[in-house]
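Coordinate analysis (summary)
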Amino acid sequence: MANVAFIGLGNMGGPMAINLLKAGHSVAVYDLSQAACEQIEMAGAEVAGSASEASSGMDYVISMLPAGKHVAETYLGTTGLLADLDEKTTVLDCSTIDAQTARKVGESAAALGIGFMDAPVSGGVAAAQAGTLAFMCGGDAATFEKAEVILSHMGRNIFHAGPAGSGQVAKGCNNMLLAIHMIGTCEALEMGVRNGLDPKILSEIMLASSGRNWSLEVYNPYPDVIENAPSSNGYQPGFMVDLMVKDLGLAQGIAERCKVNNAMGKLAGELYAQHQEAGNGQRDFSSILQKLKT
Ligand code: NAD
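So, here is what we can say about the structure in this document. Keep in mind the model is a prediction, meaning the values are calculated, not measured.

Reading guide: rules and limits
Residues numbered from 1 in each chain as written. Predicted model: local features only at pLDDT ≥ 70, side-chain atom pairs only at ≥ 80, totals over all residues. Heavy atoms only, no water. Helix = DSSP H or I, 4+ residues; strand = E, 2+ residues; numbered from the N terminus. Expected span 1.5 Å × (residues − 1). Buried < 20%, exposed > 50% of the residue type's maximum accessible area, 1.4 Å probe, protein only. Arc of directions from axis to C-beta. Contact = heavy atoms within 4.5 Å. Near = heavy atom within 4 Å. Polar contact = N/O pair within 3.5 Å; in protein donor to acceptor, adjacent residues only side chain to side chain. Areas by Shrake-Rupley, 256 points an atom, 1.4 Å probe, with all protein chains shown as cover. 1 Å grid on protein atoms, 1.4 Å probe; cavity = no way out; pocket = protein on both sides within 12 Å on 5 of 7 lines; lining within 4 Å. Sits in = over half its atoms within 2 Å of the grid points. Nonpolar A, V, L, I, M, F, W, Y, C, P; charged D, E, K, R; others polar. Domains from an automatic or database assignment. Pairing = 2+ DSSP bridges. Right-handed = clockwise from strand over helix to strand, strands pointing away.

Before going further, it helps to examine helix H5 (residues 99-111). Because the α-helix completes a turn every 3.6 residues, residues three or four places apart line up on one side. Here H5 spans 18 Å end to end across 13 residues, near enough to the 18 Å set by a 1.5 Å rise per residue. Among all positions of H5, only Ala99, Thr101, Ala102, Val105, Gly106 and Ala109 are buried. An end-on view of H5 places all buried positions within 160 degrees of arc, on one side of the element. Those residues of H5 that are exposed and angled more than 90 degrees off the buried face are Lys104, Glu107 and Ala111. In the core, the buried residues of H5 are packed alongside helix H4 (68-75), strand S6 (115-118) and helix H8 (166-194). Where H5 ends, the next residue or the one after it, Gly113, has phi of about 75 degrees, a positive value.

Here we come to the site of the ligand. Not every one of the 22 residues close to the ligand is listed here, only the nearest: Asn11, Met12, Asp31, Leu65 and Lys246. Within the backbone of Met12, a nitrogen or oxygen atom sits 2.9 Å from an oxygen atom of the ligand. For the ligand, an oxygen atom lies 2.8 Å from a polar atom in the side chain of Lys246. Surface burial for the ligand is 84%, taken as the share of its 840 Å² of free accessible area covered by protein chains. Spatially, the ligand is embedded in the largest pocket. Tallied by class, the residues present in the shell around the ligand amount to 11 nonpolar, eight polar and three charged. Here the shell around the ligand spans two domains, since at least three of its residues come from each of domain 1 (3-164) and domain 2 (169-293).

Bringing the pairing of S6 into the picture now. Neither face of S6 is open: one carries Gly115 and Met117, the other Phe116 and Asp118, and all of them are buried. Note that strand S5 (residues 90-93) and S6 share four bridges and pair parallel. From the neighbouring strand, Val91 faces S6, where its bridge partner is Phe116. Each parallel crossover has a hand, and the one from S5 via H5 to S6 is right-handed.

This is the structure we're talking about:
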């Protein structure tokens, strides 16, 4: 069993740390929020007074933080963790952040002989609780081997996307496509409904035809087509519009840097930003259907 430091115990990091404890690992935790720390302490974690105290001498340091600036502050510079860690520690940042920051942390870690992977996840809070997340990893092959051992206690599918930063690029590609097919699914269903079709029957037709996609099949945005989908539960998240807007901003940054013409992804970003501004930030992202009704 491994000694693990876990930094960032929010909606995602909390249940992920608990799954490591359940698997029998020894887990030291740190979060700026005392309440978040206390909750994980009750599950058996040791609470540290700082990220540095939690990480000292550990086999793994795992972080699940809000954005790139938090990751940079945590790892880089004279006060960052990398300066204190030794070569036996493997660093896994599971936060969703910009690929440049992930590459920068990866390069700094490599220069010190420390293994680093960006390992953002697909799957929301329910998947974090159930231990069924998908991890998209960026780093070298030797670090990936070590990463798989520990990530397998928090997720089901663990992919090696390429060198440092590649996990974030894969996540950006996936979530841009997700936004596009969610909006397309909403438009197709609404068009059918306005012509008198039953959304359940139309969904069955498209699922057996070439319009089949994940939003239609697993997460249908039309209420009462799928019993447990957020759409059938007043669009309670699930995956919030606020997070989709964040991820589409990151995807847009990736697209602009490599100069791809992502007209659909850009438009999806604009539509989700408008939906957020209209007061829907905390609703599930499938609530974009309601925008078509206004
Ligand atoms: P959250 O806001 O619930 O949790 C973030 C935690 O980090 C908070 O507890 C905060 O106190 C802590 N924190 C912030 N700065 C810190 C620091 N310097 N040191 C220690 N702790 C610090 O966010 P979340 O929903 O858990 O998301 C975390 C990451 O996972 C984000 O990058 C998000 O984009 C990504 N993500 C979230 C979901 C989701 O459905 N919530 C799904 C996939 C990916």
